[in-house]
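Here are the chains, one letter per residue:
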Amino acid sequence: MTHGSSVLVTGAAGFIGRHTVTAFHRAGYSVTAVDLRPAPGHLADAARWHHGDFADPALLAEIATGRYTTVVHQAGISDTRAPAGPELDATNTLGPLRLADACRTGGARLIYASSHSVYGTLHHRTPIAENADTDTSRCSGPLNPYAASKLALDQQMRTRHATGLDWTGLRYTNVFGPDETDKGPMASILSQLLRQGASTGQIRLFDDSLTAARDYIPVEAVTATIVQLATARPSVPAAVYNLGAGTAVPFADLAQWCARLHREATGQPLLAELVPNPVRTAYQFFTCADMTALDIVLPDRPTVSAASVEARAAALFEAFRNCAKG
């Protein structure tokens, strides 16, 4: 970290936002946190909290003055069931573009959250690179308005800020970790299954998803990468980058993990219920990020193996069990 480094984190009360605030606070940054929700009690002293909209003109004007060395944008509508319309466009595409303009004026480095959902269905069930996001032979493209709003932002950033702005877009795969329960049905499927198994001894899966597989990355690896991007000198080339483990874990393996952890904890078998999938046409049955681009520009970034994902899952299962026991 350079002397006097100051970071602004939007969406700071959300799951990834909370962990981002913690990571920068521990790294010695002066942190300003922005969210429409109140500050989480355990983070009240980790940042200067601003209750409001990240696209508020007064905040954008403050960014444009050069007050912040880095802006980390985690805010947005993250519900994949959100309908298309002006609110989604304003929050996930147009607002972040205004934020980018303010960062450009103020000379701040911008790191923002995109999503692996922009690729939709991966036709060949193989890792996909960032430059294949419009290659219809590789992927379907967005399966819902949320994903479309993220792709629109990425495309606009590439064209509007090819030069003159230090920026990085990160296409997260499936981020999981502690303190995720407030996301409800938008929590990672890994966390949902672990919580179900730990608290009830039963899990529910869509009946067409046992052959599905997804790329899971612990939230700590995400925030450590973001801090590295903020401190990198020189900065990495302005672009959109995938951020995942680069390994797809089958849902059947997740079920086996839950069964083993439950059996070890209780001596009892885990019950699994298969239910109809009501969103089959909009469901990502396979996600896996090609991490080549980020590995080249950030070779020391924290990497994630399938074994480390399983170990992190075991720790989460234990935490959920302890919570269920009160």
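Residues numbered from 1 in each chain as written. Predicted model: local features only at pLDDT ≥ 70, side-chain atom pairs only at ≥ 80, totals over all residues. Heavy atoms only, no water.

Caption draft 1: Examining the overall build of the chain more closely. What the chain contains, in helices and strands, is nine helices and 12 strands. The C-alpha radius of gyration computed for the chain amounts to 20 Å, which stays within 12% of the reference 20 Å derived for 326 residues, consistent with globular compactness. Dimensions of the chain, computed from C-alpha atoms along their principal axes, come out at roughly 60 × 50 × 40 Å. Residues counted as buried form 51% of the 326 residues belonging to the chain. For the chain, the exposed area adds up to about 13900 Å²; of that, 54% sits on carbon and sulfur atoms. If you average the places of the 27 positive and of the 29 negative side-chain charges in the chain, the two averages end up 1 Å apart. (Helix = DSSP H or I, 4+ residues; strand = E, 2+ residues; numbered from the N terminus. Rg over C-alpha atoms; globule rule 2.2 N^0.38 Å. Buried < 20%, exposed > 50% of the residue type's maximum accessible area, 1.4 Å probe, protein only. Areas by Shrake-Rupley, 256 points an atom, 1.4 Å probe, with all protein chains shown as cover. Lys, Arg positive; Asp, Glu negative; His and termini not counted. Charge placed at Lys NZ, Arg CZ, Asp CG, Glu CD.)

Caption draft 2: Expanded view of the environment of Ala 230. Relative to the assigned elements, Ala 230 resides in helix α6 (residues 219-231). Once the C-alpha coordinates of Ala 230 and Val 72 are considered, the two residues, 158 residues apart in sequence, prove to be 8.8 Å apart. Contact partners of Ala 230, with chain neighbours within four places excluded, come to Phe 24, Tyr 29, Thr 70, Arg 109 and Ile 111. (Contact = heavy atoms within 4.5 Å.)

Caption draft 3: Quick peek at the nonpolar core. In this structure, Val 21, Phe 24, Tyr 172, Leu 190, Leu 194, Tyr 216 and Leu 254 are the most contacted members of the largest nonpolar core, which totals 61 residues. In terms of residue count, α6 provides more of this core than any other element does, seven residues in total. Sequence-distant contacts of Tyr 216, defined by excluding residues within four places in its chain, comprise Asn 174, Phe 176, Ile 189, Leu 190, Ala 245, Thr 247, Val 249, Phe 251, Leu 254, Val 304 and Val 309. Counting 23 residues, the second largest nonpolar core, distinct from the first, contains Val 34, Ala 75, Ala 100 and Ala 108. (Core = buried A, V, L, I, M, F, W, Y, C linked by side-chain atoms within 4.5 Å.)

Caption draft 4: Quick look at the side chain of Ser 188. Mapping Ser 188 onto the fold places it in the loop between β7 (174-176) and α5 (189-200). Look past the residues within four positions of Ser 188 in its chain and what remains in contact with it is Val 175, Phe 176 and Glu 180.

Caption draft 5: Helix α7 (residues 251-266), seen in detail. Between its first and last C-alpha, α7 extends 22 Å over 16 residues, near the 22 Å set by a 1.5 Å rise per residue. Those residues of α7 not exposed but buried are Phe 251, Leu 254, Ala 255, Trp 257, Cys 258, Leu 261 and His 262. For α7, the arc enclosing every buried residue in end-on projection is 155°, short of the 170-degree limit, so these residues lie on one face. For α7, exposure combined with an orientation more than 90 degrees from the buried face picks out Gln 256 and Glu 264. Elements that come into contact with the buried residues of α7 comprise α5, β8 (202-206), β9 (213-218), β11 (248-250) and α9 (306-324). (Expected span 1.5 Å × (residues − 1). Arc of directions from axis to C-beta.)

Caption draft 6: Seen up close, the packing of α7 against α9. For the pair α7 and α9, interaxial distance at closest approach is 11 Å and the crossing angle is 45°. Looking at the two axes, α7 sits oblique to α9. For the element pair α7 and α9, the recorded crossing hand is right-handed. Where α7 abuts α9, its residues Trp 257, Cys 258, Arg 260, Leu 261, His 262, Ala 265 and Thr 266 lie against Val 309, Glu 310, Ala 313, Ala 314, Phe 317 and Arg 321. (Axes fitted to C-alpha atoms, helices over the stretch in contact; angles between N-to-C directions. Parallel < 35°, antiparallel > 145°, perpendicular 65-115°, else oblique. Left-handed = near helix turned anticlockwise from the far one by under 90°.)

Caption draft 7: Inspection of the pattern of salt bridges at higher detail. A full pass over the atoms with the stated rule returns 17 salt bridges. Across the salt bridge formed by Arg 171 and Asp 133, the nearest N and O atoms sit 2.8 Å from each other. Taken together, the residues span a long stretch of sequence, with Arg 171 in strand β6 (residues 167-172) and Asp 133 in the loop between β5 (109-115) and α4 (145-160) at a distance of 38 residues. For the pair formed by Arg 171 and Asp 133, the shared burial category is buried. One continuous salt-bridge network, built from bridges that share partners, spans Asp 133, Asp 154, Arg 158 and Arg 171. (Salt bridge = Lys/Arg side-chain N within 4 Å of Asp/Glu carboxyl O.)

Caption draft 8: The sheet that holds β11, seen in detail. Read from one edge of the open sheet, three strands run β7-β9-β11, paired in mixed fashion. Looking at which strands have only one partner, the edges of the open sheet turn out to be β7 and β11. Direction aside, neighbouring strands of the sheet carry axes that sit 50° apart on average. Bridge analysis of β7 against β9 gives three bridges, and the strand direction is parallel. Within the sheet, the bridge partner assigned to Phe 176 lies in β9 and is Pro 218. (Pairing = 2+ DSSP bridges.)

Caption draft 9: View of the pairing of strand β1 (residues 6-10). For β1, the tally of buried residues reaches five of five residues, placing the bulk of the element in the interior. Alternating residues of β1 divide into Ser 6, Leu 8 and Thr 10 and Val 7 and Val 9, and every residue in both groups is buried. In this region the chain leaves β1, passes through helix α1 (residues 15-26) and returns to the parallel neighbour strand β2 (residues 30-35); the handedness of that crossover is right-handed. Summarising the sheet, β1 and strand β4 (residues 70-73) pair through four bridges and their orientation is parallel. When the bridges of β4 are listed, Leu 8 appears paired with Val 71. (Right-handed = clockwise from strand over helix to strand, strands pointing away.)

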